[in-house]
Amino acid sequence: MLYNRTKNIMNNKIGVIFDLDGVIVDTAKYHFLAWKNLADALGFEFTKKHNELLKGVSRVRSLDILLSIGNVKLSEEKKQEFLVCKNKEYLEFIKKMNSSEILPGALELLNTLDALGIKYVLGSASKNAPLILKQVGLFNRFAGIVDGNSVSKAKPDPEVFLIGAEKLNLQPEQCIVFEDAIAGIEAANTANMISIGVGDKETLEKADFHFESLTEVTANFIKELVKRVS
Ligand code: B16
Ligand code: MG
């Protein structure tokens, strides 16, 4: 009884928007392998450090960054060809994913939010987000999905998160965003949402709160945020 009351009280006050890559799963390693193959074919080195620049960035923008690293200029037609080719290769890795690839603490946090009656949606730059969520068995857990297909402007533009707030039926100030990329934290801050950085503290210094991993996020922390928003 008390549980249900708490659930109802909290339900409408706050909502959560999760980034996908780097927060729920680590697909960056598969992006890296596919981009590296492309760089190899074009004859230049692409390192894991370079790959950091592509985190949270759209596919098209990622290719531009990659080409600038190799100082390679391509026609629009050739770029389209390479984008299709890279994604095909990336999908080969994605099709082999399963629930063992859910990042530590993610499932527990979703369970905590469910128990508190707090709704959550996805806010990812990836056009493959629905497939990835299906692969790891989380697709049906989210109240909505905003992905690279739903937006016209990529992070750091706040569009992806503002659409997320609409799906949650909440004002931006009532939303909290979990993000691993600088561009995503900037997008959340511009949207006037509570930004929570997951990963390297120095990289995510502009986040309102920071955790090394989702395993550190407690139910009490979420309850405090609910109070703060109220
Ligand atoms: P796709 P996120 C982002 O996912 C990745 O971090 C970024 O590296 C990738 O380029 C982007 O998705 C687009 O992905 O090629 O699958 O459309 O962190 O926003 O969940
Ligand atoms: Mg990310």
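What follows concerns the site of ligand 1. Taken together, 18 residues lie around ligand 1, and Val-57, Ala-125, Ser-126, Lys-127 and Asn-128 are the ones closest in. Here an oxygen atom of ligand 1 sits 2.6 Å away from a polar atom, N or O, in the main chain of Val-57. In isolation ligand 1 exposes 470 Å². Once the protein is present, 98% of that is buried. For the shell around ligand 1, the class distribution of residues is five nonpolar, seven polar and six charged. Three or more residues apiece are contributed to the shell around ligand 1 by two domains, here domain 1 (2-25 + 99-229) and domain 2 (28-94).

Right, let's get into the sheet that holds strand E1 (residues 15-18). What the six strands build is an open sheet, ordered E3-E2-E1-E4-E5-E6; its pairing is parallel. What marks the edges here is a single partner per strand, and that holds for strand E3 (145-146) and strand E6 (209-211). Each of E1, strand E2 (119-123) and strand E4 (175-179) is contacted by helix H6 (residues 106-116), which is oriented at about 160 degrees to E1, the strand it contacts most. Docked against the sheet, helix H8 (residues 159-168) engages E1, E2, E3 and E4, running at close to 150 degrees with respect to E2.

Look at helix H2 (residues 28-42) against helix H4 (residues 59-69): their axes get within 11 Å of each other, and the N-to-C directions meet at 40 degrees. Compared by their axis directions, H2 and H4 come out oblique. Where H2 crosses over H4, the two elements pack in a sense that is right-handed. From H2, Trp-35, Leu-38, Ala-39 and Leu-42 reach across to H4, where they touch Arg-59, Ser-62, Leu-63, Leu-66 and Leu-67. The residue makeup of the contact of H2 with H4, split by class, is seven nonpolar, one polar and one charged.

What follows covers the coordination of the magnesium ion (ligand 2). Around the magnesium ion (ligand 2), the protein supplies Asp-19 (OD), Asp-21 (O) and Asp-180 (OD) as donor atoms, at distances of 2.0 to 2.1 Å. In this structure Asp-180 comes out as buried when scored by relative accessible area, which is 14%.

Another aspect to go through is the side chain of Ser-126. Note that Ser-126 resides in the loop between E2 and helix H7 (129-135). Within the structure, the side chain of Ser-126 is placed 2.9 Å from the backbone nitrogen of Asn-128, a separation counted as a polar contact. Here the side chain of Ser-126 touches Ala-129 through a polar contact of 3.4 Å, landing on its backbone nitrogen. Among residues more than four places away in sequence, those in contact with Ser-126 are Ile-132, Asp-147 and Gly-148.

Counting across every chain of the model gives eight aromatic pairs. Relative to Phe-178, the ring of Phe-18 lies with its centre 5.2 Å away and its plane at 15 degrees, an arrangement referred to as stacked. Note that Phe-18 is positioned in strand E1 and Phe-178 in strand E4, a separation of 160 residues in sequence. Take Phe-18 and Phe-178: they sit in the same class, and that class is buried. Between Phe-209 and Phe-221, the aromatic rings sit 5.2 Å apart at their centres with planes inclined by 80 degrees, giving edge-to-face as the arrangement. Of this pair, Phe-209 sits in strand E6 while Phe-221 sits in helix H10 (residues 219-229), and the two are twelve residues apart along the sequence. For Phe-209, a relative accessible area of 23% gives the class partly exposed. One aromatic cluster in this structure is built from Phe-18, Tyr-120, Phe-142 and Phe-178.

Our next topic: the domain arrangement of the chain. Bring the parts together and some accessible area is lost; that lost area is often taken as the interface size. Annotation of the chain at the domain level lists domain 1 (2-25 + 99-229) and domain 2 (28-94). Here the C-alpha centroids of domain 1 and domain 2 sit 27 Å apart. The interface is formed by twelve residues belonging to domain 1 together with twelve residues belonging to domain 2. Counting the surface lost from both domain 1 and domain 2, the interface buries some 970 Å², and carbon and sulfur atoms represent 51% of this. On the domain 1 side of the contact with domain 2, Asp-21, Glu-101 and Asn-128 bury the most area, a combined 40% of that side's loss. There are one salt bridge connecting domain 1 and domain 2. The partner of Glu-101 in a salt bridge is Lys-29, and the shortest N-O contact between them spans 3.7 Å. Applying the counting criterion to the domain 1 and domain 2 interface returns four residue pairs in polar contact (both at pLDDT 80 or more). Partitioning the side of domain 1 that touches domain 2 into residue classes produces five nonpolar, two polar and five charged.

Quick notes on the rules
- Every chain begins its residue count from 1, and numbering advances along the sequence as written.
- Chains and ligands are labelled sequentially in the order written, the chains with letters from A and the ligands with numbers from 1.
- Local features are withheld for residues below a pLDDT of 70 in this predicted model, meaning they are given only at 70 or higher, and side-chain atom pairs are given and counted only at 80 or more; totals for whole chains, interfaces and linings count all residues.
- Side-chain metrics in this entry use all non-hydrogen atoms of the structure; hydrogen atoms and water are not considered.
- Consider each residue's heavy atoms; a residue with any of them within 4 Å of a molecule or strand counts as near.
- Two N or O atoms count as a polar contact when they lie within 3.5 Å, although within protein this holds only if one can serve as hydrogen donor and the other as acceptor, and sequence-adjacent residues are included solely when both atoms are side-chain atoms.
- Accessible areas in this description were obtained via Shrake-Rupley with a 1.4 Å probe; residue shielding takes into account the shown protein chains only.
- Each residue gets one label: Ala, Val, Leu, Ile, Met, Phe, Trp, Tyr, Cys and Pro are nonpolar, Asp, Glu, Lys and Arg are charged, and the others, such as Gly, are polar.
- Domain extents, as shown, originate in an automatic or database domain assignment.
- Here the rule is simple: two strands pair whenever DSSP picks up at least two bridges between them.
- Numbered from the N terminus, helices here are DSSP runs of H or I no shorter than four residues, and strands are runs of E no shorter than two.
- Working rule for contacts: check all heavy atoms of both residues, and any pair within 4.5 Å makes them a contact.
- Comment: axis = line fitted to C-alpha atoms, over the contacting stretch for helices; angle = value between 0 and 180 degrees taken between N-to-C directions.
- In these notes the angle categories are as follows: under 35 degrees is roughly parallel, over 145 is roughly antiparallel, 65 to 115 is roughly perpendicular, and the rest is oblique.
- Helix crossings fall into two classes, left-handed where the near helix is turned counterclockwise from the far one by less than a right angle and right-handed where it is turned clockwise.
- A donor here means any N, O or S atom no more than 2.8 Å from the metal (3.2 Å for Na, K and Ca); water is not included, so a site may seem to lack partners.
- Between buried and exposed lies partly exposed: a residue is buried under 20% and exposed over 50% of the maximum accessible area for its type, with that area taken using a 1.4 Å probe on protein chains only.
- The rule is short: rings of Phe, Tyr and Trp, with Trp giving its six-membered ring, pair when the centres are within 6.5 Å, and they are stacked under 30 degrees, edge-to-face over 60, tilted in between.
- Take the accessible area each of two parts loses on contact, using a 1.4 Å probe, and add the two losses: that sum is the buried area.
- By convention in these notes, a salt bridge is any Lys or Arg side-chain nitrogen within 4 Å of a carboxyl oxygen on Asp or Glu.

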